[in-house]
Amino acid sequence: MPEITFVNFFDFIGTLAFAISGIRLASAKRFDLFGAYIIGLVTAIGGGTLRDVLIDVPIFWMQNPLYVVCTGISLVSVMIFGKFIIRQHNTWFIFDTIGLGMFTVTGIEKTLHAPNGYPFWAAIIMGTVTGAAGGIIRDVLINEEPLVFRTEFYAMACAIGGVLYYISYSIGLDNITTGIICGSTVIILRLLAVKYKFQLPILKGYEDEENK
Amino acid sequence: MPEITFVNFFDFIGTLAFAISGIRLASAKRFDLFGAYIIGLVTAIGGGTLRDVLIDVPIFWMQNPLYVVCTGISLVSVMIFGKFIIRQHNTWFIFDTIGLGMFTVTGIEKTLHAPNGYPFWAAIIMGTVTGAAGGIIRDVLINEEPLVFRTEFYAMACAIGGVLYYISYSIGLDNITTGIICGSTVIILRLLAVKYKFQLPILKGYEDEENK
Amino acid sequence: MPEITFVNFFDFIGTLAFAISGIRLASAKRFDLFGAYIIGLVTAIGGGTLRDVLIDVPIFWMQNPLYVVCTGISLVSVMIFGKFIIRQHNTWFIFDTIGLGMFTVTGIEKTLHAPNGYPFWAAIIMGTVTGAAGGIIRDVLINEEPLVFRTEFYAMACAIGGVLYYISYSIGLDNITTGIICGSTVIILRLLAVKYKFQLPILKGYEDEENK
């Protein structure tokens, strides 16, 4: 059993929130329990798995049962408490956003410490992949257009957080401070974006393309 | 040319059945011949490929032409015998189910023997991935909601077979017996599930989520 | 900064064209700027990334900023020049086809030189994956049925080019000539296929499957 640390705790919160987001969508699609579990798991671990495959390190969740167990807890909670759990939109939104920040920091740090050695810009991309790819894989599996490409300031928040990580690191701040700056940036940006309905401009004016 | 063994024979049967299932769906979608071949191949090798990427071993089909050739045989058979082949629903269902059992056993054993060393629960997940992921990738590529999440007792049969593998192994049964118990469990469970229309409960009562 | 060579130049052209094709489709779907960037990037690097994962070598674009920068240039060009850029259908079609030829050659050569050692047929498959998989991943992400499976002589051109690579190599032609023969074959086949509306036959006559 891995020890419970500060980082593990937030990792747990983020995993729970990501899994719940997958399970909610699976239940809306009327998937069976095992299907809902798979979607929850993929949402929670998909981004980190893609990162680990790309940077060629052992897949994080295959040596540590935390993530598989945590998704199971999410599923059982939804089964027992049902609508009550699912309707806590605000709570899950906050947890999901904390998870996004955490996962971005983890992704950057793991890439910078990978044996292959990657440049900083690749680490920022991997931070974004860690945060955002799970939700994209989830949407692909449930056969929906990924939300992240259209309506949410989500992957962009990870990328900006990553740039701030780089700046903090470059001016010599220590690891912990750098991580906190990056994670908080992601979290605050997303909270502000949702509160003030801020989103990136769309590439418009190509309606003719739709009729192609 | 690899030698033909008992295991190879069932591997061949399973690959044929998985490839045919992909080619059938591709033909229903009016894909061209090469598209049908790709879908057939991905259905047959997708699960094992994902497993090999995740456990970081060389991809099984890239050193052995069996799978690529076998998918070609499936395609040519469908082209020549057409509806006759495609309508043998029961035969393909049996072959597909045998393949599912075989692939689950192969996936577990390959993971347990991987150089990285994985815990047993990860091997059970990899058995399920080997059996079920090919069909999921197929459904994603043809832009359909994966069937496995909703209407079939499919991935769950692999997971239960995997648990029985673990139990058989733990009480000291030899490799062959353990494999036979696991594979038969998967096969029997799926046959019974389809015959008696048994399926897992769905996560229901969240219709409001659908209107979100 | 990597030096600019003849090969790099065509690689750049191909990347630009593939990225533009992704960005065009993303703009038709009204994705936001970051979503369009991601789709453009995935279209450009997806095939090579899948190849590198499958043959277990470091992912090509993570050590060389060319591809990430090049996708950025594509996005900015579309933002500034808008419809003017997007409407150059013929130019982009030519560039896209050059890219397809280049990527096929690169994919075959990289696989043949991979430390693991792969047979020639696997290299031909990897050439096809390098050329065609980016477009497939793009279509999966924007939730469309992949075009390549139905209406275009696209992956097939890569495969035929790969076979010609093998023949040229077998009769002892040097690397450069072999590459030029393979690449030109892919390019010419696709141009001819589009000009004369040539396509592979579809697997037809299974309308009953659609009503299943």
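Everything in this summary refers to the structure shown in the same document. Keep in mind that what you see is a predicted model, and the values were worked out from it rather than measured.

The rules we used
Residues numbered from 1 in each chain as written. Chains lettered and ligands numbered in written order. Predicted model: local features only at pLDDT ≥ 70, side-chain atom pairs only at ≥ 80, totals over all residues. Heavy atoms only, no water. Helix = DSSP H or I, 4+ residues; strand = E, 2+ residues; numbered from the N terminus. Rg over C-alpha atoms; globule rule 2.2 N^0.38 Å. Buried < 20%, exposed > 50% of the residue type's maximum accessible area, 1.4 Å probe, protein only. Contact = heavy atoms within 4.5 Å. Lys, Arg positive; Asp, Glu negative; His and termini not counted. Charge placed at Lys NZ, Arg CZ, Asp CG, Glu CD. Buried area = accessible area lost by both parts, 1.4 Å probe. Salt bridge = Lys/Arg side-chain N within 4 Å of Asp/Glu carboxyl O. Nonpolar A, V, L, I, M, F, W, Y, C, P; charged D, E, K, R; others polar. Least-squares fit on C-alpha atoms with pLDDT ≥ 70 in both. Core = buried A, V, L, I, M, F, W, Y, C linked by side-chain atoms within 4.5 Å. Patch = residues over 30% accessible without salt bridge, like charges linked within 9 Å, V, L, I, M, F, W, Y side chains within 5 Å. Areas by Shrake-Rupley, 256 points an atom, 1.4 Å probe, with all protein chains shown as cover. Polar contact = N/O pair within 3.5 Å; in protein donor to acceptor, adjacent residues only side chain to side chain. Phe/Tyr/Trp six-rings, centres within 6.5 Å; stacked < 30°, edge-to-face > 60°. 1 Å grid on protein atoms, 1.4 Å probe; cavity = no way out; pocket = protein on both sides within 12 Å on 5 of 7 lines; lining within 4 Å. Points joined across faces, edges and corners; volume = space filled by probe spheres on them.

### Some thoughts on the overall build of chain A
Broken down by element type, chain A carries nine helices and zero strands. Along the chain direction, N to C, the helices and strands of chain A fall in the order α-α-α-α-α-α-α-α-α. The C-alpha atoms of chain A give a radius of gyration of 17 Å, which matches the 17 Å a tight globule of 212 residues would have. Along the longest, intermediate and shortest principal axes, the C-alpha atoms of chain A span 55 × 50 × 30 Å. Across the 212 residues that make up chain A, the buried fraction comes to 59%. Long-range pairs, those at least 24 residues apart, make up 71% of the contacts in chain A with a sequence separation of at least 6. Computed over 14 positive and 16 negative side-chain charges, the inter-centroid distance for chain A is 10 Å.

### As for the interface of chain B and chain C
At the junction of the two partners, chain B supplies 36 residues and chain C supplies 38 residues. Buried area between chain B and chain C, both sides added, is near 3100 Å², and the carbon and sulfur share of it is 65%. Seen at the junction of chain B and chain C, the total is one salt bridge. Between E145 of chain C and K29 of chain B there is a salt bridge whose closest N-O contact spans 3.1 Å. Within the residue set of the side of chain B that touches chain C, elements represented by two or more residues are α1 (6-28), α2 (33-54), α3 (66-81), α4 (83-86) and α6 (120-141) of chain B. Residue contributions to the side of chain B that touches chain C peak at eight residues, all from α2 of chain B. Looking at the side of chain B that touches chain C residue by residue, the class counts come to 21 nonpolar, eight polar and seven charged.

### Focus: the pattern of salt bridges
All chains considered together, the criterion is met by 18 salt bridges over all chains. Among the salt bridges present, the one from R51 of chain A reaches D52 of chain A, with a minimum N-O distance of 2.9 Å. Note on R51 of chain A: relative accessible area 3%, which makes it buried. Bridged by salt links that share partners, the residues K29 and E144 of chain A together with E145 of chain B form one connected network.

### As for the relation of the copies chain B and chain C
One copy of the chain maps onto the other through a rotation about an axis followed by a shift along the same axis. Taken as rigid bodies, chain B and chain C are interconverted by a rotation of 120° and an axial shift of 0.0 Å, the fit giving an RMSD of 0.0 Å. One copy is carried onto the other by what is essentially a three-fold rotation axis. A low fraction, 11%, of the interface residues of chain B reappear at the interface in chain C, so the copies pair through non-equivalent surfaces.

### Concerning the nonpolar core
Core analysis: the largest hydrophobic core is formed by 188 residues, its most contacted members being W61 and M62 of chain A, W61 and M62 of chain B together with W61 and M62 of chain C. Per-element accounting of this core gives the leading share, 13 residues, to helix α2 (residues 33-55) of chain C.

### Side note on a nonpolar patch on the surface
Residue and element names in this part refer to chain A. Together, V76, M79, I80, F81 and F84 make up a nonpolar patch on the protein surface, roughly 540 Å² of accessible area in all. One can find F81 in helix α3 (residues 66-81). Taking relative accessible area as the criterion, F81 reaches 48% and is therefore assigned partly exposed.

### Quick word on the environment of V78 of chain B
Here V78 of chain B shows up in helix α3. The sequence separation of V78 of chain B and W61 of chain B amounts to 17 residues, and the corresponding C-alpha distance is 22 Å.

### Overview of the interface of chain B and chain A
When the parts of a complex come together, some accessible area is lost, and that lost area is often used as the size of the interface. The interface of chain B with chain A comprises 38 residues on the first partner and 37 residues on the second. When chain B packs against chain A, close to 3200 Å² is buried across both sides, 65% of that on carbon and sulfur atoms. Put simply, chain B and chain A have one salt bridge between them. Inspection of the region where chain B meets chain A yields five residue pairs in polar contact (both at pLDDT 80 or more). Looking at the side of chain B that touches chain A, the elements with two or more residues in it are α2, α6, α7 (155-170) and α9 (207-210) of chain B. No other element matches α6 of chain B, which puts seven residues into the side of chain B that touches chain A. In the side of chain B that touches chain A, the residues fall into 22 nonpolar, five polar and 11 charged.

### Description of the relation of the copies chain B and chain A
Each copy superposes on the other: chain B lies on chain A with an RMSD of 0.0 Å after a rotation of 120° and an axial shift of 0.0 Å. Little of the interface of chain B is mirrored in chain A: 11% of its interface residues are interface residues there too.

### A look at the side chain of D96 of chain C
By secondary structure assignment, the location of D96 of chain C is in helix α5 (residues 89-112). The residues contacting D96 of chain C, other than those within four sequence positions of it, are A17, F18, S21, Y154 and R190 of chain C.

### Considering the packing of aromatic side chains
The tally for this structure, following the rule as stated, stands at 23 aromatic pairs over all chains. For the pair F34 of chain B and Y37 of chain B, a centre-to-centre distance of 6.5 Å together with 25° between the ring planes defines the contact as stacked. Separated by three residues within a single helix, F34 of chain B and Y37 of chain B lie in helix α2, roughly one turn from each other. Relative accessible area serves as the criterion here: at 18%, F34 of chain B is assigned to the buried category. Each member of the aromatic cluster is reached from another via a ring pair, and the members are F120, Y165, Y166 and Y169 of chain A.

### Side note on empty space enclosed by the protein
One pass over the structure, following the stated rule, counts five cavities of 30 Å³ or more. If you add up the space inside the largest cavity, you get close to 240 Å³. The wall of the largest cavity is formed by 25 residues, among which V53 and D56 of chain A, V53 and D56 of chain B together with D56 of chain C lie closest to the centre. If you list the elements that add at least two residues to the lining of the largest cavity, you get α2 (33-54) of chain A, α2 of chain B together with α2 of chain C. Split by residue class, the lining of the largest cavity holds 17 nonpolar, two polar and six charged. D139, V140, N143 and E144 of chain A, D139, V140, N143 and E144 of chain B together with D139, V140, N143 and E144 of chain C together form the lining of the second largest cavity. Looking at the lining of the second largest cavity, the elements that each hand over two or more residues are α6 (120-141) of chain A, α6 of chain B together with α6 (120-141) of chain C.

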